[in-house]
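One letter stands for each residue in the lines below.
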Amino acid sequence: MKSYVHLENGDVFTGKWLTEQPEGNVTGEIVFFTGMTGYQEVLTDPSYKNQIVVFTYPLIGNYGINHEDFESSKPHVAGVIVHRGDLPHSHYNANSSLVQYLDKWNIPMLGNVDTRAIVKRIRTNGSMQACLTNQADLKLAEINHANEAPVPVVSQKEITVHGNGSHHIVLMDFGYKKSIVNYLIEKGCKVTVVPYNTSYEKIASLQPDGILLSNGPGDPVELLPQIDNISAVASAYPTLGICLGHQLVALAFGGKTKKLLFGHRGANQPVADLVNKTVFMTSQNHSYVVDESSLQQTDLQVRFLQVNDGSVEGLQHAKLPILTAQFHPEANPGPAESSVIFDEFLQNVKSNSGREKVYA
Ligand SMILES: NC(=O)CC[C@H](N)C(=O)O
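Residues numbered from 1 in each chain as written. Predicted model: local features only at pLDDT ≥ 70, side-chain atom pairs only at ≥ 80, totals over all residues. Heavy atoms only, no water.

A. Up close: the sheet that holds strand β11 (residues 167-173). Taken in spatial order, the 10 strands line up as β10-β12-β11-β13-β14-β19-β18-β17-β15-β16 in an open sheet, and their pairing is mixed. Of all the strands in the sheet, the pair left with one neighbour each is β10 (160-162) and β16 (278-290). Averaged over all pairs of adjacent strands, the angle between their axes in this sheet comes to 25°, without regard to strand direction. Bridging between β10 and strand β12 (residues 189-195) involves three bridges; their strand directions are antiparallel. (Pairing = 2+ DSSP bridges. Helix = DSSP H or I, 4+ residues; strand = E, 2+ residues; numbered from the N terminus. Axes fitted to C-alpha atoms, helices over the stretch in contact; angles between N-to-C directions.)

What follows is the structure, encoded as structure tokens:
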């Protein structure tokens with residue numbers, strides 16, 4: 001039976017279900033990921049909540065699914081589009097196939113799709129809404145189905161503590177990837193993960209040495225009701241913002257964000273560090289960027305730039321120990337060379353230790 005990918009602009013592509021076929025139509029924003037590997041991390045990164053991911057590498061699933069590479073406890077993507085995704089897998093660490101894993105969570109995967117043609121269309125028309133379905137004809141309203149704001153759904157509801165190192169980092173969870181916590185623990189931190197809307201007062205009562213504003217799904221502007229709280233927290237402690245966390249710092253200190261035509265998602269995105277005069281390869285997954293022109297009247301300075309399109313990839317504050325990265329210094333999937341960002345953050349944490357916590 002033929003199945004279809006309908007794009008918001010009217011384009012239709014055919015495919016075949018490689019997983020159980022879904023009960024109804026599956027809608028979401030269609031985006032593409034260019035890494036050759038890393039599908040397990042992508043599927044379980046909460047930043048992909050409500051998105052349909054097209055994998056550009058034509059052979060997905062060939063090393064199966066293992067116990068170690070999850071970025072959270074379950075997959076968050078709305079659907080998956082591949083060229084081939086059901087060939088037998090082989091890896092010493094694998095304990096299920098990609099198809100078995102997706103079926104367990106009722107996430108549909110459409111295969112035999114001309115993924116290159118879809119990606120070319122997204123690159124021209126921009127990211128858009130899409131629908132995976134058995135129906136050859138669909139009305140635009142059925143494709144343009146709005147999804148609920150994703151951060152309140154993916155952020156954890158309880159406070160949890162991880163590791164027992166000597167630097168205490170409070171991570172505000174907008175949809176965090178496990179690798180961020182693992183990195184901090186490896187570097188000698190105790191990490192307290194708190195829900196995205198935890199108040200400044202509650203965070204202060206935890207006596208953090210530093211704050212990590214995590215990655216997460218959706219448009220940063222959806223979190224404007226939280227922005228005064230985020231500003232109070234970031235102004236009071238050495239802070240590192242990653243991806244959505246970076247965008248939230250920009251909004252909290254007077255900057256603006258805007259949507260890229262088709263986003264950056266992959267494992268070979270070059271970034272220039274304007275302070276250290278270096279270029280490194282990074283792992284990325286974002287649709288939105290900080291608008292450089294909006295930073296002029298603020299205390300935020302551009303620290304990192306995308307080499308391919310010149311967009312803002314990170315910031316530092318002129319007076320406060322605040323550092324941000326649009327890319328993922330924790331990598332997973334992808335190159336780990338930008339993990340030095342964690343060292344710089346922890347240096348800020350150490351330099352601040354023993355001082356009054358509140359700068360104001
Ligand atoms: N990985 C992220 O944190 C993504 C940030 C934001 N949701 C974006 O798409 O730009």
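B. Region of interest: the site of the ligand. Taken together, 13 residues sit near the ligand, with Gly216, Gly218, Asn285, Ser287 and Tyr288 positioned nearest. Between an oxygen atom of the ligand and a main-chain N or O atom of Gly216, the distance comes to 2.9 Å. His328 places a polar side-chain atom, nitrogen or oxygen, 3.4 Å from a nitrogen atom of the ligand. For the ligand, whose unbound accessible area comes to 290 Å², protein coverage reaches 98%. According to the grid-proximity analysis, the pocket containing the ligand is the largest pocket. Elements supplying a minimum of two residues to the shell around the ligand: α9 (244-252) and β16. (Near = heavy atom within 4 Å. Polar contact = N/O pair within 3.5 Å; in protein donor to acceptor, adjacent residues only side chain to side chain. Areas by Shrake-Rupley, 256 points an atom, 1.4 Å probe, with all protein chains shown as cover. 1 Å grid on protein atoms, 1.4 Å probe; cavity = no way out; pocket = protein on both sides within 12 Å on 5 of 7 lines; lining within 4 Å. Sits in = over half its atoms within 2 Å of the grid points.)

C. Geometry of the UniProt feature "domain: Carbamoyl-phosphate synthase small subunit N-terminal" (unreviewed entry) in the protein. The UniProt record annotates "domain: Carbamoyl-phosphate synthase small subunit N-terminal" (unreviewed entry) at residues 1-133. Taken end to end, residues 1-133 is 18% helix and 31% strand, and its two terminal C-alpha atoms sit 11 Å from one another. (UniProt positions renumbered as here; feature names shortened; annotations may be inferred.)

D. Structural context of the packing of aromatic side chains. Taken as a whole and assessed by the stated rule, the structure comprises eight aromatic pairs. When the centroid spacing of 4.9 Å and the interplanar angle of 15° are considered together, the rings of Tyr183 and Phe342 count as stacked. One end of the pair, Tyr183, is in helix α6 (residues 178-186); the other, Phe342, is in helix α10 (residues 340-352), and 159 residues separate them in sequence. Each member of the pair, Tyr183 as well as Phe342, is classed as buried. (Phe/Tyr/Trp six-rings, centres within 6.5 Å; stacked < 30°, edge-to-face > 60°. Buried < 20%, exposed > 50% of the residue type's maximum accessible area, 1.4 Å probe, protein only.)

E. Representation of the pattern of salt bridges within the structure. Inspection of every chain in the model, using the stated rule, returns seven salt bridges. With a closest N to O distance of 3.0 Å, Lys177 and Glu330 form a salt bridge. With Lys177 in the loop between β11 and α6 and Glu330 in the loop between β19 (322-325) and α10, this residue pair connects regions lying 153 residues apart in the sequence. Given a relative accessible area of 2%, Lys177 falls into the buried group. Beyond isolated ion pairs, a larger network of salt bridges with shared partners links Asp273, Arg303 and Glu344. (Salt bridge = Lys/Arg side-chain N within 4 Å of Asp/Glu carboxyl O.)

F. Quick peek at the layout of surface pockets. For the largest pocket, the calculated volume is near 420 Å³. Of all the secondary structure elements, the ones that give two or more residues to the lining of the largest pocket are α9, β15 (257-273) and β16. For the lining of the largest pocket, the residue count by class is six nonpolar, 14 polar and seven charged. (Points joined across faces, edges and corners; volume = space filled by probe spheres on them. Nonpolar A, V, L, I, M, F, W, Y, C, P; charged D, E, K, R; others polar.)

G. Spatial organisation of the nonpolar core. Ranked by size, the top nonpolar core spans 31 residues in total, and within it Phe174, Leu248 and Phe253 carry the most contacts. Of all the secondary structure elements, the ones that give two or more residues to this core are β11, α7 (200-205), β13 (210-213), α8 (227-236), α9 and β18 (312-317). Element by element, the count of residues in this core is highest for α9, at six residues. Sequence-distant contacts of Leu248, defined by excluding residues within four places in its chain, comprise Phe174, Pro220, Leu223, Ile227 and Ile230. (Core = buried A, V, L, I, M, F, W, Y, C linked by side-chain atoms within 4.5 Å. Contact = heavy atoms within 4.5 Å.)

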